[in-house]
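Inside the fold
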Amino acid sequence: MISPIIYTQLLQKRLIQDRSFLVQVLALTFCFTIIHAQIPDGYYDSTDGLEGDVLRLALHNIIDNHQVHSYTSLFTHFESTDMKPDGTVWDMYSDVPGGTPPYVYHYGGADQCGNYGGESDCFNREHSWPQSWFNSNSPMKTDLFHVYPTDGYVNGQRGSYPYGDVNTPLWTSQNGSMRGTSGTPGYSGIVFEPIDEYKGDLARTYFYMSTRYYTEDAGWDTNDMVDGADLLPWAVDLLMAWHSADPVSQKELDRNEAVYQIQTNRNPFIDHPEWVACIWDGGCVLIMGDLNQDTAVDVLDIVIMVDIVLSGPATEYQLSTGDLNSDSIIDVLDIVILVGMILSTP
């Protein structure tokens, strides 16, 4: 193992070369540590080194048997999971990120449906994975990871149509969500397309549902988008594209934590977006220095490596990607090498 004196000298050399980068690293390390710490220690330990359906099953076993709540309680839970900073309902079917929504709803009053005759009348509970696909059974009916508060009329326009990219709109909501004929390769029927800013949210919702209810989908519907809990090939391609184009947002991170407090399970594809490719795109890609499997080598990997050096032990995957000097251990020399890799990245 490298001596502390040599380690200190190497770090001092790096700091002299680029002090501004150090400030950024320290700031980002603090931020990423907070985000990383929200995942309970050991929560995903059983997934180490897995990919494909083996990983999907391991994740299923982790997030299975969540705490089930009543259907009427969802409106109350929405106040924790889907409230904007200004106190209004976070409705993905009416919201205009960075702009002014055409209308807003408030919790705890007359805005909750009820009857509606048109858009902006009231909000209700949208099952993004339609209830008819799982026969309105429990626990799927009240699983907050796929039930969202949305405008009742837009919810009705979406109906049970698959999500997809619209080629020819037949109806458009006030925020630009559309129902129309599909332009997605592999499917030419009617689809519903949310705005771009929420496509990733809904894609990760579907990857969650396909994993949470993997092997528990007896009697579920087979239709144009799914076969039970399994996504059809065209749907996988579509949702992977949405997932890549619209990365995990702070909204999703916060919602994941809120639902975890209510249901005691998590959406693994918000915690680890890279697992989408591990399961549905042919397997994980091994990148040296990428200890958290997010396909990037950055300060979060430094946080993980420091934690391993201080507390240990490393998982099999962390050792395979973090042992940068090939001495069969993760130590301070690997930290130095990792910092150098990040500093030298354009």
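The model shown is predicted, which means the values in this text are computed figures rather than measured ones. (Residues numbered from 1 in each chain as written. Predicted model: local features only at pLDDT ≥ 70, side-chain atom pairs only at ≥ 80, totals over all residues. Heavy atoms only, no water.)

**Focus on the pattern of salt bridges**
Short version of the rule: Salt bridge, as used here, is a side-chain nitrogen of Lys or Arg placed within 4 Å of a carboxyl oxygen of Asp or Glu. Relative accessibility decides the category of a residue: with a 1.4 Å probe and only protein chains considered, values under 20% of the type maximum give buried, values over 50% give exposed, and everything between is partly exposed.
Using the criterion set out here, one finds 13 salt bridges in the structure. Residues E216 and R212 are paired through a salt bridge, measuring 3.2 Å at the closest nitrogen-oxygen approach. Since its relative accessible area comes to 33%, E216 is described here as partly exposed. Each of D165, E193, D196 and K199 takes part in one network of salt bridges that share partners.

**Observations concerning the environment of D201**
The line we're drawing: The secondary structure listing takes helices from DSSP runs of H or I that are at least 4 residues long and strands from runs of E that are at least 2 residues long, numbered from the N terminus. Residues are treated as being in contact if the distance between any of their heavy atoms lies within 4.5 Å.
By the secondary structure assignment, D201 is in helix 6 (residues 199–212). Note: C-alpha distance between D201 and L239 (38 residues apart in sequence) is 9.9 Å. Beyond its immediate sequence surroundings of up to four residues, D201 is in contact with M92, Y148, D246, S249, K251 and E252.

**With respect to the state of the cysteines**
Going by this rule: Any pair of cysteine sulfurs within 2.5 Å is marked as a disulfide.
Taken as a whole, this structure holds one disulfide when the rule is applied. Covalently, C113 is tied to C122 through a disulfide, its sulfur atoms 1.9 Å apart. On the S-S bond that ties C113 to C122, the torsion sits near 95 degrees, and the link is right-handed. Take C113: its relative accessible area is 15%, and that puts it in the buried class. You can call C122 buried: its relative accessible area is 3%.

**Some details on empty space enclosed by the protein**
To locate leftover empty space, one rolls a probe as large as a water molecule over the atoms. Note the threshold: Only protein atoms enter the 1 Å grid used here, on which a cavity is any set of points holding a 1.4 Å probe that cannot leave and a pocket is any open set flanked by protein within 12 Å on both sides along at least five of seven lines; residues with an atom within 4 Å of a point are listed as lining. Grid points are joined across faces, edges and corners, and a volume is the space filled by probe spheres set on the points. By the convention adopted, Pro, Cys, Tyr, Trp, Phe, Met, Ile, Leu, Val and Ala count as nonpolar, Lys, Arg, Asp and Glu as charged, and the other residues, Gly among them, as polar.
Per the counting criterion, the structure on display carries two cavities of 30 Å³ or more. What the largest cavity holds in volume is close to 80 Å³. Taken together, F145, Y148, D201, T205, K251, E252, R255, N256, N267 and I270 form the lining of the largest cavity. Broken down by secondary-structure element, the contributors of at least two residues to the lining of the largest cavity are helix 6 and helix 8 (250–263). The element that contributes the greatest number of residues to the lining of the largest cavity is helix 8, accounting for four residues. Partitioned by chemical class, the residues of the lining of the largest cavity number three nonpolar, three polar and four charged. If you add up the space inside the second largest cavity, you get close to 60 Å³. Lining of the second largest cavity is provided by K84, T88, V89, D91, S94, D95, P101, Y103, V104 and Y105. Looking at the lining of the second largest cavity residue by residue, the classes come out as five nonpolar, two polar and three charged.

**Brief notes about the environment of D165**
How we decide: A 3.5 Å cut-off defines polar contacts: any pair of N or O atoms within that distance qualifies, except that in protein one atom must be a possible hydrogen donor and the other a possible acceptor, and neighbouring residues in sequence count only when both atoms are side-chain atoms.
With respect to the helices and strands, the residue D165 is situated in the loop between helix 5 (152–158) and strand 3 (166–172). Along the sequence, D165 and M178 sit 13 residues apart, while their C-alpha atoms lie 8.8 Å from each other. Setting aside its immediate chain neighbours within four residues, D165 contacts T181, S182, G183, T184, V191, E193, K199, L238 and W242. A distance of 3.2 Å separates a polar atom in the side chain of D165 from a polar atom in the side chain of W242.

**Quick look at the nonpolar core**
Across soluble globular proteins, nonpolar side chains have a tendency to be buried as a group. What counts is decided by this rule: Put simply, a nonpolar core is a bunch of buried Ala, Val, Leu, Ile, Met, Phe, Trp, Tyr and Cys residues held in one set by side-chain atoms that sit within 4.5 Å of each other.
Core analysis: the biggest nonpolar cluster contains 62 residues, and W129, F207, M225, L231 and L239 have the highest contact counts within it. Per-element accounting of this core gives the leading share, seven residues, to helix 7 (residues 233–245). Beyond its immediate stretch of four places on either side in the chain, L239 contacts A203, Y206, F207, M225 and L231. Grouped together as the second largest cluster of nonpolar side chains are 14 residues, V299, I330, L338 and I342 included.

**Considering the packing of aromatic side chains**
Under the convention used in this document: Under the pairing criterion, centres of Phe, Tyr and Trp rings, with the six-membered ring standing for Trp, must be within 6.5 Å; the plane angle then separates stacked pairs below 30 degrees from edge-to-face pairs above 60, leaving the rest tilted. Over a ring means this: the NZ of a Lys or the CZ of an Arg is within 6 Å of the ring centre and within 35 degrees of the ring normal.
For the coordinates displayed, the defined rule picks out 25 aromatic pairs. Ring centres of F75 and F123 lie 5.8 Å apart, and the angle between their planes is 70 degrees; on these two criteria the pair is classed as edge-to-face. With F75 in helix 4 (residues 74–81) and F123 in strand 1 (residues 123–127), the pair connects residues that are 48 residues apart, well separated along the chain. Ring-pair connections join several aromatic residues into one group, and the members of that group are Y93, W129, W133, F134, Y163, F192, Y206, Y213, W220 and W242. Positioned above the aromatic ring of Y71 is the side chain of R125, whose terminal nitrogen or guanidinium carbon lies 3.7 Å from the ring centre. Above the face of the Y163 ring, R158 is positioned so that its terminal group lies 4.1 Å from the ring centre.

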